[in-house]
Amino acid sequence: MNVTTTSRYPWENDPLLTVENLTMRFGGLVAVDNLSFTVGRGDITALIGPNGAGKTTVFNCVTGFYKPTEGRIVMRHGPGRRDEAVEELTDSAARYARQEDGAVFLLERMPDFTISSTAKVARTFQNIRLFGGMTCLENLLVAQHNPLMRASGFSIAGLLNLPSYRSAAKEAKDRAIYWLEQCQLIHRADDPAADLPYGDQRRLEIARAMCSEPHLLCLDEPAAGLNPRESAELNALLQFIRSETGTSILLIEHDMGVVMKISDHVVVLDYGRKIADETADAVRNDPKVIAAYLGVDDESEIDDEDIRADLHRGEHQAGTQGGEA
Amino acid sequence: MAGETESGTGQDQPVATTHPEGAQIKTEERAEAPNLVVSTGPRGLSERVKQAAIATFITAVLAFFFFPIRTSIAPGGLDITWRWSLYALALIFAFFGKLLVDAYLLSPAGPRVRAMVSGLFILGFVILYAWHPLGDILFGTGQFEELLGSILIGTVFGAILLGLVVLISRATGKIGTAATGVAAQKKADRISTFGKWALRVLFVVALMLPWIVMFLFPNRDRQLIDISILILTYVMLGWGLNIVVGLAGLLDLGYVAFYAVGAYAYALLAQYFGFGFWMALPLAGLFAAMWGIMLGFPVLRLRGDYLAIVTLAFGEIIRVVLLNWSEFTGGPDGIGRIPKPTLFGIEFNRGEGGFADIFGLDYDTIHRFIFFYYIIFVLALITHFATMRLRRLPVGRAWEALREDEIACRSLGINTTLVKLSAFSIGAMFGGFAGSFFATRQGFISPESFTFIESAIILAIVVLGGLGSQIGVVFASIVMIGGIELLRNIGFLSVVFGENFDPTQFRMLIFGLAMVLIMVWKPRGLISARQPSAVYKERKSIGADVVAQGEGH
Amino acid sequence: MEYFIQQLINGLTLGSIYGLIAIGYTMVYGIIGMINFAHGDIFTVGAYVALAVILLLGISGATGATMLVLALLLVLVISMVFTAVWGWTVERIAYRPLRGSFRLAPLITAIGMSIVLQNFIQVTQGARVKPIQPIISGGIPLFDGRSDGGIIVQLSWMQLLIIVSTFVLMVGFTFLITKTALGRSQRACEQDQKMAALLGVDVDKTISLTFVMGAALAAVAGLMFLLLYGVLDFYIGFLAGIKAFTAAVLGGIGSLPGAMLGGIVLGLIEVFWSAYFSVEYKDVAAFSILAIVLIFMPSGLLGKPEVEKV
């Protein structure tokens, strides 16, 4: 994977996250098979594929909830590929190494909570995981636990209510309110998260993840269960996040309307293998992708008219094209 | 007891969503329904009688080897004493009791049926009571009074308990109304307003209590202040455990271990190093917190019930060690002569330099009672305010987040092991404080005071009060601990019911029944609304239906 | 060596009793996911019923062998039936109304029920310890080690009875769970009560039967405890219950063979610890082993590993 020459894909030159030869087995089942892909800095990257293709497993490996059977997952802070630093780190026993202008992290070596706190990778969940009995505001404050904990002097300054803690607490609240406003949830700030409608819960989960100030935001089916208007709002929100904070986004999505409109880069999985790794436009016309969707998935799940049309066109090509990536 | 028809609620199971929304709320409503709503019980009179007969039959089977037959130690082994009369009386009460409970609670009947049932019941009662000779002939001398006495006490105590619960429920919204959306919000708000006022009134009463008691009950003031001290000790323990179970959602069945560590820490420091109470108090808390960390570190990654059983095991281990390490802890004989606390060096002794002497008062043991009262009052208040403050700090918010969803916590970079340990050790610390207070109040401690049943009582107080609710713990302590103590002191009833009637032996029986009844009636506890820890514009209470209960969901 | 074998036999005997009680815990946990704290006291109820029946029938050490077997069988059946009704009732009044409610509520009613049962027995039967004369005595001397300065290793009839009947019950039970319609309903309810109900399984009845079976087995354990130790008090169920629950967790809660294995492991640990180290700290040893096993094998010896769903 040591490509030093300039690649035709921009994400190869300035990668934020590289997944290299990732394999995940559960007993005899190979959920992810020798998968490699790259998430470019500042990009919106989509990971798509039929149900059961192993997308969420990849997410769980990246965010540390699963330990991959094999493979390397590298996260980079600061510009460039940092190949030397990565190799040096891989040979050492350390989990991450800091350089003057950034850092490199081997996520497969890190415990799950440090991936968020140190490597700055935040995520949302397919089956929304909010703190249902806490208000929206509280949800976003919990996300700022680590900086607040330091500011509260591990509760001692907090118990004494020292000015240093008070200002940090105010800052945290302001940040929470900022994100509630951006997600159009400010009117529900004092309501318990469980009382929000589904679409609002999805946005709240994104707001919460953003409060941990991530470099990479991983979204697991953010548009699932949203109506078209809400999907459009989601698109706008994700583009706002990217342009405003520079946070890169990796998302799993079935809603092709979302994927094709906002993604810079699409990786397609089928049966745990990568079958395409292209720009959105290229993937849209890739017969292998069409075959994978047509062969496995329900057509009605594919919302985009173009894709559906493509699917019909690619129907008879499907037989001749193998599953090789 | 056995009667009402199947209501189909049984098939419901909490849906394994990550947060309790729709389905789970519905499930809860349905789960509460059979106890409160009136659709499933018997309707017609013949149906009622049939159900009562079934209940009586089941009682007959249950009681067969316990009421009529009593094994007693006789020369050369065991012998059987027969008590058929007791059995017969129990069955009669089962029959009419079931009719009454159905007619009034489970399936309210029309006035005609109610009048008939209650009339029969009262008539029988009056005849038997008024005409003792008949009772004696039917049931054997003395036995009737005994049974009557226990039933009367049970009824009176149950009525008081019921009254309290209904009172609290009335103030906090209609019992059993479906709690969703706006209604839930309103209900929760009502609870919070009520809680706020109750808290203020309670605070003033608690602050003045020794004086109120001395004014109102000059003859029983020591006893009543002593009970108040006991109640406050349990309030403090309840608040300490509330951090672990109510906020962090970790089920701890061995909390009494930390109470024991605190008590023994002070007793041993006093015995071996001559420490005074005030010097030992922080150390006792520290020791308990250290034990919390030591015990917590290996076990806190266990989930739900596994955690419960291991904490229970650790509680037992500490007790067994205290019991058997005689050279150090005095073993089963315990440690006595634990010094009393002083007020800035002033002792509460008779004679020169004592409290009474210095302040020019007549020596009276009540001074020490009042002093103890205010010590535990202040300790409990410190526990309360520390908890309330911690809840608003990141660590407290992390506790609650942990209770809501551990995986989400980890995805936000929270080190859940540390968060659990902090909850465990801070809860343990307050247990330790309470323990050293217990040691100095009693002046004597032995492992017997730290059995599992204590852990169970503290947990019951937290759950009955409403998980996470500070005021709920106070109510539950008053009802449960005050209730047991009340029963301990009703010896005067033996004047009415004869010499061999001993009400104290029914104490724990009634305590257990009360636990079951309150829980069946209000599974979420007496006060169950949650107050948010941070507010943007408007503070709104959160109904218990959306608040998670910790691991295992 | 002789000493070791004798302790092994003693440990198996104690372990069998723990195992029989543990099955009740594990079945209830498997099907409704709650710790039935009152189960230990159901065991006490079983022992008291057995005691009463033994006294009623006038069974003593002097009863002839054939009569004794028949009479004990009768005691067993009666005590199983009556204890089963207790188990059923406890479920009906304290647990069923809370089914589907949050997890701590039934735990508290279970603790409350345990307090109720203990004190009910105390109030109706008295607080004093009840001793009975040994009914079954003698045994098979396995070998005589006295010539080498050892002891006689003996498998008493009582121990044989306990181990054999536990074995028979286990076989019968495994058959019941794996082969019959009831067992199928039980396993279905364990997986998904709602779905089971939709497919025509009577969930309430299945759960009731689970309690009934657990209580009946506890009654067997109660009778054996009574015959083995010859003393009873209202408090025996507490420690036995906690030990049996420990055994259930040790073996992997929810697993029937696990409960039996956990019981036997626990019995052996206790007996060997008492024999070779100290009697006082046998409970500490048992609980420490539990903690250690759970820390390294979080789902017990035979439990299904819990997969964390993200």
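Being a predicted model, the structure only gives us computed values, none of them experimental. (Residues numbered from 1 in each chain as written. Chains lettered and ligands numbered in written order. Predicted model: local features only at pLDDT ≥ 70, side-chain atom pairs only at ≥ 80, totals over all residues. Heavy atoms only, no water.)

Within this structure, the stated rule accounts for zero disulfides over all chains. With no disulfide of its own, Cys-211 of chain A lies closest to Cys-183 of chain A among cysteine sulfurs, the gap being 8.6 Å. (Disulfide = S-S within 2.5 Å.)

Per the UniProt record, "transmembrane region" (unreviewed entry) is found at residues 12-35, 42-62, 68-90, 102-121, 157-177, 207-228, 260-279 and 285-303 of chain C. Here residues 68-90 of chain C is 100% helix and 0% strand, with 32 Å between the C-alpha atoms at its ends. (UniProt positions renumbered as here; feature names shortened; annotations may be inferred. Helix = DSSP H or I, 4+ residues; strand = E, 2+ residues; numbered from the N terminus.)

Between chain B and chain C, the residue contacts involve 79 residues of the former and 79 residues of the latter. Taken together, the two surfaces of chain B and chain C that pack against each other cover about 7,300 Å², and 72% of this comes from carbon and sulfur. When residues of chain B are sorted by the area they lose upon contact with chain C, Phe-65, Phe-66 and Tyr-306 of chain B head the list and together hold 11% of the total. Where chain B meets chain C, there are zero salt bridges. (Contact = heavy atoms within 4.5 Å. Buried area = accessible area lost by both parts, 1.4 Å probe. Salt bridge = Lys/Arg side-chain N within 4 Å of Asp/Glu carboxyl O.)

Looking now at the packing of helix α5 (residues 157-179) of chain C against helix α8 (residues 203-229) of chain C. Residues and elements named next belong to chain C. As a packed pair, α5 and α8 sit with axes 10 Å apart at the nearest point and diverge in direction by 175°. When the axes of α5 and α8 are compared, the pair comes out roughly antiparallel. Here Met-158, Leu-161, Ile-162, Ser-165, Leu-169, Phe-173 and Leu-176 of α5 come into contact with α8, specifically with Met-213, Leu-217, Val-220, Met-224, Leu-227 and Leu-228. Looking at side-chain class alone, the contact of α5 with α8 contains 12 nonpolar, one polar and no charged residues. (Axes fitted to C-alpha atoms, helices over the stretch in contact; angles between N-to-C directions. Parallel < 35°, antiparallel > 145°, perpendicular 65-115°, else oblique. Nonpolar A, V, L, I, M, F, W, Y, C, P; charged D, E, K, R; others polar.)

A separate point is the packing of aromatic side chains. Each pair of aromatic rings is reported with the distance of its centres and the angle of its planes. Across all of its chains, the model carries 43 aromatic pairs over all chains by this definition. A ring pair is formed by Phe-65 of chain A and Phe-125 of chain A, whose centres lie 6.0 Å apart and whose planes are at 70°; its orientation type is edge-to-face. Here Phe-65 of chain A, found in the loop between α2 (55-62) and β4 (70-77), pairs with Phe-125 of chain A, found in the loop between β7 (121-123) and α5 (136-142); they are 60 residues apart in sequence, far enough to count as distant. Just as Phe-65 of chain A is buried, Phe-125 of chain A falls in that class too. Plain terms: the ring middles of Phe-225 of chain C and Tyr-229 of chain C are 4.9 Å apart, the flat faces sit at 45° to each other, and that makes the pair tilted. On the criterion of helical spacing, the pair formed by Phe-225 of chain C and Tyr-229 of chain C is a turn pair, its members being four residues apart in helix α8. Since its relative accessible area comes to 41%, Tyr-229 of chain C is described here as partly exposed. Taken together, the aromatic side chains of Phe-452 of chain B together with Phe-37, Phe-234, Tyr-235 and Phe-238 of chain C make up a single cluster linked through ring pairs. It is Arg-129 of chain A that lies over the ring of Phe-125 of chain A; its NZ or CZ is 5.6 Å from the centre. (Phe/Tyr/Trp six-rings, centres within 6.5 Å; stacked < 30°, edge-to-face > 60°. Buried < 20%, exposed > 50% of the residue type's maximum accessible area, 1.4 Å probe, protein only. Lys NZ or Arg CZ within 6 Å of the ring centre and 35° of its normal.)

Let us now look at the nonpolar core. The biggest cluster of nonpolar side chains holds 310 residues, and the ones touching the most others in it are Trp-399 and Ile-445 of chain B. Top contributing element to this core by residue count: helix α8 (residues 221-247) of chain B, with 16 residues. Leaving out residues up to four positions away in the same chain, Ile-445 of chain B has contacts with Ala-263, Tyr-264, Ala-267, Gly-334, Ile-335, Ile-338, Phe-438, Ala-439 and Phe-450 of chain B. The next biggest cluster of nonpolar side chains, apart from the first, holds 32 residues, and it includes Leu-17, Met-24, Leu-35 and Cys-61 of chain A. (Core = buried A, V, L, I, M, F, W, Y, C linked by side-chain atoms within 4.5 Å.)

Time to look at a nonpolar patch on the surface. Residue and element names in this part refer to chain B. Together, Trp-197, Val-201, Phe-203, Val-204, Val-205, Leu-207, Met-208, Trp-211, Ile-212, Phe-215, Leu-216 and Phe-217 make up a nonpolar patch on the protein surface, roughly 1,200 Å² of accessible area in all. Mapping Phe-203 onto the fold places it in helix α7 (residues 181-216). Taking relative accessible area as the criterion, Phe-203 reaches 37% and is therefore assigned partly exposed. (Patch = residues over 30% accessible without salt bridge, like charges linked within 9 Å, V, L, I, M, F, W, Y side chains within 5 Å. Areas by Shrake-Rupley, 256 points an atom, 1.4 Å probe, with all protein chains shown as cover.)

Before going further, it helps to spend a moment on the side chain of Asp-405 of chain B. Residues and elements named next belong to chain B. Along the polypeptide, Asp-405 turns up in the loop between α15 (394-404) and α16 (406-411). Owing to a relative accessible area of 5%, Asp-405 belongs among the buried residues under this scheme. Of note is the side chain of Asp-405, whose polar atom sits 3.2 Å from the backbone nitrogen of Ala-408. (Polar contact = N/O pair within 3.5 Å; in protein donor to acceptor, adjacent residues only side chain to side chain.)

Confidence in the prediction of chain B, expressed as mean pLDDT, is 78, and 75% of residues score 70 or more. Note on residues 1-39 of chain B: pLDDT is under 50 here. Beyond four places in sequence and across chains, it has 87 contacts. (pLDDT = per-residue confidence, 0-100.)

Over its 23 residues, helix α10 (residues 277-299) of chain B runs 32 Å from end to end, which matches the ideal 33 Å to within 8%, given 1.5 Å per residue. The set of residues buried in α10 of chain B consists of Phe-277, Ala-280, Leu-281, Ala-284, Gly-285, Ala-288, Ala-289, Gly-292, Leu-295, Gly-296 and Val-299 of chain B. (Expected span 1.5 Å × (residues − 1).)

What follows concerns the environment of Gln-186 of chain C. All names here are of chain C. One can find Gln-186 in helix α6 (residues 181-191). Taking the C-alpha atoms as reference, Gln-186 lies 9.3 Å from Ala-196; in sequence the two are 10 residues apart. When sequence neighbours within four positions are dropped, the list of residues in contact with Gln-186 reads Met-27, Ile-31, Ile-177, Thr-206, Thr-210 and Met-213.

Quick look at the sheet that holds strand β5 (residues 96-99) of chain A now. Residues and elements named next belong to chain A. In spatial order, the strands read β2-β1-β4-β6-β5; together these five strands make up an open sheet with antiparallel pairing. What marks the edges here is a single partner per strand, and that holds for β2 (29-40) and β5. Each strand axis lies, on average, 10° off the axis of its neighbour in the sheet, ignoring direction. Contacts from α2 reach β1 (15-26), β2 and β4, with the element oriented near 115° to β1. (Pairing = 2+ DSSP bridges.)

Our next topic: the pattern of salt bridges. The final tally for this structure, using the stated rule, is 37 salt bridges over all chains. The salt bridge partner of Glu-70 of chain A is Arg-25 of chain A, with a shortest N-O separation of 3.6 Å. On the criterion of sequence distance, the pair formed by Glu-70 of chain A in strand β4 and Arg-25 of chain A in strand β1 is long-range, its members being 45 residues apart. With its nearest N and O atoms 3.0 Å apart, the salt bridge here joins Arg-441 of chain B to Asp-226 of chain B. Of this pair, Arg-441 of chain B sits in helix α17 (residues 416-442) while Asp-226 of chain B sits in helix α8, and the two are 215 residues apart along the sequence. According to the relative accessible area criterion, Asp-226 of chain B is partly exposed, its value standing at 28%. Here the residues in one salt-bridge network are Glu-138 of chain A together with Arg-391, Glu-400, Arg-403, Glu-404 and Arg-530 of chain B, joined through shared partners.

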